[in-house]
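Okay, here's what each chain looks like letter by letter:
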Amino acid sequence: LAKTTQPISMDSYEGQEVNITCSHNNIATNDYITWYQQFPSQGPRFIIQGYKTKVTNEVASLFIPADRKSSTLSLPRVSLSDTAVYYCLPPGYQKVTFGIGTKLQVIP
Amino acid sequence: EAGVAQSPRYKIIEKRQSVAFWCNPISGHATLYWYQQILGQGPKLLIQFQNNGVVDDSQLPKDRFSAERLKGVDSTLKIQPAKLEDSAVYLCASSLDRQRANEKLFFGSGTQLSVL
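Attention here is on the structure that accompanies the text. (Residues numbered from 1 in each chain as written. Chains lettered and ligands numbered in written order. Predicted model: local features only at pLDDT ≥ 70, side-chain atom pairs only at ≥ 80, totals over all residues. Heavy atoms only, no water.)

## Brief notes about unusual backbone geometry
A negative phi angle is the norm for most residues apart from glycine, just as the trans form is the norm for most peptide bonds.
So, step 1. Following Ser7(B), the chain continues to Pro8(B) via a peptide bond in cis, the omega torsion being -5 degrees.
So, step 2. On the secondary structure map, Pro8(B) appears in the loop between strand E1 (5-7) and strand E2 (10-13).
So, step 3. The step from Gln80(B) to Pro81(B) runs through a cis peptide bond, and the omega angle for that step is -5 degrees.
So, step 4. A positive phi is found at Thr53(A), a non-glycine position, where the angle reads about 50 degrees. (Helix = DSSP H or I, 4+ residues; strand = E, 2+ residues; numbered from the N terminus.)

The following block contains the structure:
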């Protein structure tokens, strides 16, 4: 399994753009990197997934550089409802553990 | 589209008692996972099914935990006897197929277990 590193926690004010970077190695060429969001008292929820360059959906953007040794989840103009834990999952990780993730606290 | 259904939502038992959790995955999803999430940690895989067969149960404490997925649809996870350290949220997730490169997991809301 690829080893991953992401910040344990981040704070942001409402309306700001938040970028959460996850470092990972040993990612195969066609492996997807998936990000999940988890609110208190709920199961994780799929946010976005990609394997190269940039992917954007209605919730977030995902940037993956050419060397694929990291990925950055970008949340535009966060609101209080974006307060959650965000997990970066390279391939195979869902079959072991999600790790601690990044706890994002949005401040009014 | 209906999501992953889990019950009960909450369960309080005393140590050494037995407990069972139920999961109904999204229709058509071949792969089903059970995770344990202890407060402050991420979900940890307990067991993975592909249809009605076990793919991976290497992290399942088999002396007290058991799980089955009859007919490749619903699944139950049982703990017998429960210990204090089993207090956690038990999450069920399903996906179309674990072998897809872009596998996406869909989670239920979980069962919060408190062992007193």
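## A look at the side chain of Ser94(B)
All names here are of chain B.
So, step 1. Positionally, Ser94 belongs in strand E9 (residues 88-95).
So, step 2. A residue is classified by how much of its surface remains accessible, and Ser94, at 0% relative accessible area, is buried.
So, step 3. Polar contacts involving the side chain of Ser94 include one to the main-chain amide nitrogen of Ile26, which spans 3.4 Å.
So, step 4. Among the polar contacts made by the side chain of Ser94, one reaches the side chain of His29 at a distance of 2.8 Å.
So, step 5. Apart from residues lying up to four places away in sequence, Ser94 is in contact with Val4, Pro25, Ile26, His29, Thr31, Leu32, Lys104, Leu105 and Phe106. (Buried < 20%, exposed > 50% of the residue type's maximum accessible area, 1.4 Å probe, protein only. Polar contact = N/O pair within 3.5 Å; in protein donor to acceptor, adjacent residues only side chain to side chain. Contact = heavy atoms within 4.5 Å.)

## Observations regarding the interface of chain A and chain B
So, step 1. Contact residues are listed per partner, giving 19 residues for chain A and 23 residues for chain B.
So, step 2. Buried surface at the junction of chain A and chain B, summed over both partners, amounts to about 1,500 Å²; 49% is from carbon and sulfur atoms.
So, step 3. Linking chain A to chain B there are 0 salt bridges.
So, step 4. At the junction of chain A and chain B, the tally comes to 9 residue pairs in polar contact (both at pLDDT 80 or more).
So, step 5. For the side of chain A that touches chain B, the element with the most residues is strand E4 (residues 33-38) of chain A, which contributes 3 residues.
So, step 6. Of the residues contributing to the side of chain A that touches chain B, the split by class is 8 nonpolar, 10 polar and 1 charged. (Buried area = accessible area lost by both parts, 1.4 Å probe. Salt bridge = Lys/Arg side-chain N within 4 Å of Asp/Glu carboxyl O. Nonpolar A, V, L, I, M, F, W, Y, C, P; charged D, E, K, R; others polar.)

## Some words on the state of the cysteines
What is meant by a disulfide is a covalent connection between two cysteines, made through their sulfur atoms.
Residues and elements named next belong to chain B.
So, step 1. One pass over the full model with this rule turns up 2 disulfides over all chains.
So, step 2. Here Cys23 is linked by a disulfide to Cys92, with a sulfur-sulfur distance of 1.9 Å. For the disulfide bridge between Cys23 and Cys92, the dihedral angle about the S-S bond is near -65 degrees, and by the sign convention the bridge is left-handed. With Cys23 in strand E3 (residues 19-24) and Cys92 in strand E9, this pair connects stretches of sequence that are 69 residues apart. Taken individually, Cys23 and Cys92 each receive the classification buried, so the pair is uniform in this respect. (Disulfide = S-S within 2.5 Å.)

## Observations concerning the pairing of E9(B)
Residue and element names in this part refer to chain B.
So, step 1. For E9, the buried fraction is high: 7 of the 8 residues fall into the buried class.
So, step 2. As defined by bridge partners, E9 adjoins strand E11 (residues 111-115) across 3 bridges and the pair is classed as antiparallel. Bridge pairing links Val89 to Gln112 in E11.
So, step 3. Of the strand pairs in this sheet, E9 and strand E10 (residues 106-107) are connected by 2 bridges, and their pairing is antiparallel. (Pairing = 2+ DSSP bridges.)

These values are about where atoms sit, not about what they do.
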